[in-house]
Amino acid sequence: MSEPAVPAGPWYRQLHWQIFLGMGLGLAAGLVGGTAVADRVGWLGTLFVRLLKMIIIPLVITSIITGVASVGGGRSLGRLFSKTLGFYLLSSALAVLTGLAVLNVIQPGVGAEIAGAHSGELPELQTANSVTELLLNMVPLNVIDAAAKPDMLGVIFFCILFGVAIAGLPENPREKLLGLFDAAFQAMMTLTSGIIRLAPIGVFALIARVAGTSGLDAFRALGLYMISIALGLAIHMGITLPVLLRVLGGISPRVHFRNMVNPLTMAFSTSSSAATLPVTLRAVHERVGVSNRVSSFVLPMGATVNMDGTALYECGGVLFIAQVLGVDLSISQQFVVVVTALLASIGAAAVPSAGLVVIFLVLESVNLRGPEVDVIVGAMLAIDRPLDMCRTATNVFSDSCGAAIIARSEGEAGVDAA
Ligand code: ASP
């Protein structure tokens, strides 16, 4: 399977340039045409996201089962699992600390005029209320129901166990099942390639809708807050993760970034790590050069639990709210914010605005609640989309860095070779 836009031929035939062009045209069309344009082209964006979502469950199921079954059970799976978890916790913790530092230095909430911002309405998303609940939720009562919801952690949990069971079978049934799932996985990847070709149009419509419905006014009141979060995300994506790539994997960040342009633009325009997963899987496998064995295991788990951008945002958002309310958080309260922000990011769904919904968990941990808090969160929601786009790109980038670093540590020499 070849990349639809290998960097050859004129630039305008390369997919990532087409996507950038779609973004630019979408922004211009939305800002000039306003809600009229947003209403007219919005459906194209919805159609594109629906196509991506359509393939997520079969792709994740076939990818994890083939990945785990080829890793085998026991020691080697345990090693891959510990490395994955270790990297994800490390990178998310660094992200939260960056958010903590930036918000404490800039203090965007001090003197912020929130009443001027329009408030929005939060989408209803289910989130676990405690770590125990998060763990219990991982075991689905009914696999079909988990896939239908979709409850990604439940699906991943089942597929890992199923993959381990296949690995433990005698040769004949094992090879049959593995061949079947592997063939299905390849078919899903081919389908993904076809859908990605539509990305420039989908991205155009998604960006036009955001720009057309939000305009620029809503963003002025919370400008400094937005700049602080964006700066934190830029530090994490532009310094922390590249350092981890270089130090832990011996990988050139520039090469890795170049190989990840398509998933990053997709994450940016869809605001959903889950919807981006098919594109991430494909790019990490085919461009970064990570084996299916590693990418199939690391990436679906990453899209679900590893959200560096969201973790940074949880911490930054809560500090911002405390600053607006004039509440001085002690060092120990800030520590509680750091830990709960990390856990909230693990529990957040990989869909648009999920990060803002789980912020209530973190606010509760330091007793920030009440109507004033609700008004500020409402205002934050009104300007959330551009921040969500940036944190989703950060989330996806962290997953791909994890996959590349872990693949290198498993002895895969060709990773990010060019
Ligand atoms: N939209 C983000 C994602 O899908 C989650 C968030 O809202 O922070 O990764």
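Each value, and the rule that gives it
Residues numbered from 1 in each chain as written. Predicted model: local features only at pLDDT ≥ 70, side-chain atom pairs only at ≥ 80, totals over all residues. Heavy atoms only, no water. Helix = DSSP H or I, 4+ residues; strand = E, 2+ residues; numbered from the N terminus. Buried < 20%, exposed > 50% of the residue type's maximum accessible area, 1.4 Å probe, protein only. Axes fitted to C-alpha atoms, helices over the stretch in contact; angles between N-to-C directions. Parallel < 35°, antiparallel > 145°, perpendicular 65-115°, else oblique. Left-handed = near helix turned anticlockwise from the far one by under 90°. Contact = heavy atoms within 4.5 Å. Nonpolar A, V, L, I, M, F, W, Y, C, P; charged D, E, K, R; others polar.

Trainee: So, unusual backbone geometry: which residues are in play, and what are the values?
Mentor: Phi at Gln107 takes a positive value of approximately 50 degrees, unusual for a residue other than glycine. When you line up the elements, Gln107 lands in the loop between helix 2 (74–106) and helix 3 (131–137). You can call Gln107 partly exposed: its relative accessible area is 37%. Of note, the phi angle at Asn367 is positive, near 55 degrees, even though the residue is not glycine. Locating Asn367 in the fold gives a position in the loop between helix 16 (359–365) and helix 17 (371–382).

Trainee: Any details on the packing of helix 2 against helix 14 (residues 331–347)? Residues and values, ideally.
Mentor: The contact between helix 2 and helix 14 brings their axes to 10 Å, and the two run at 130 degrees. The orientation of helix 2 with respect to helix 14, classified from their angle, is oblique. Taken as a pair, helix 2 and helix 14 cross one another with a handedness that is right-handed. Residues Leu89, Ser92, Ala93, Val96, Leu97, Leu100 and Asn104 of helix 2 touch helix 14, and the partners they reach there are Gln334, Val338, Ala341, Leu342 and Ile346. Partitioning the contact of helix 2 with helix 14 into residue classes produces nine nonpolar, three polar and no charged.

Trainee: Please give an account of the environment of Val298 that cites residues and values.
Mentor: Tracing the backbone shows Val298 in helix 12 (residues 292–305). Taking relative accessible area as the criterion, Val298 reaches 0% and is therefore assigned buried. Once the C-alpha coordinates of Val298 and Pro150 are considered, the two residues, 148 residues apart in sequence, prove to be 19 Å apart.

Trainee: Break down the packing of helix 1 (residues 15–71) against helix 6 (residues 171–196) for me, with residues and values.
Mentor: Close contact between helix 1 and helix 6 brings their axes to 7 Å; oriented N to C, the two are set at 170 degrees. In this view, helix 1 runs roughly antiparallel relative to helix 6, as classed from their interaxial angle. Of the residues contributing to the contact of helix 1 with helix 6, the split by class is 19 nonpolar, four polar and one charged.

Trainee: Please give an account of the environment of Leu51 that cites residues and values.
Mentor: Residue placement: Leu51 occurs in helix 1. Separated by 218 residues in the primary sequence, Leu51 and Ser269 have C-alpha atoms spaced 14 Å apart.

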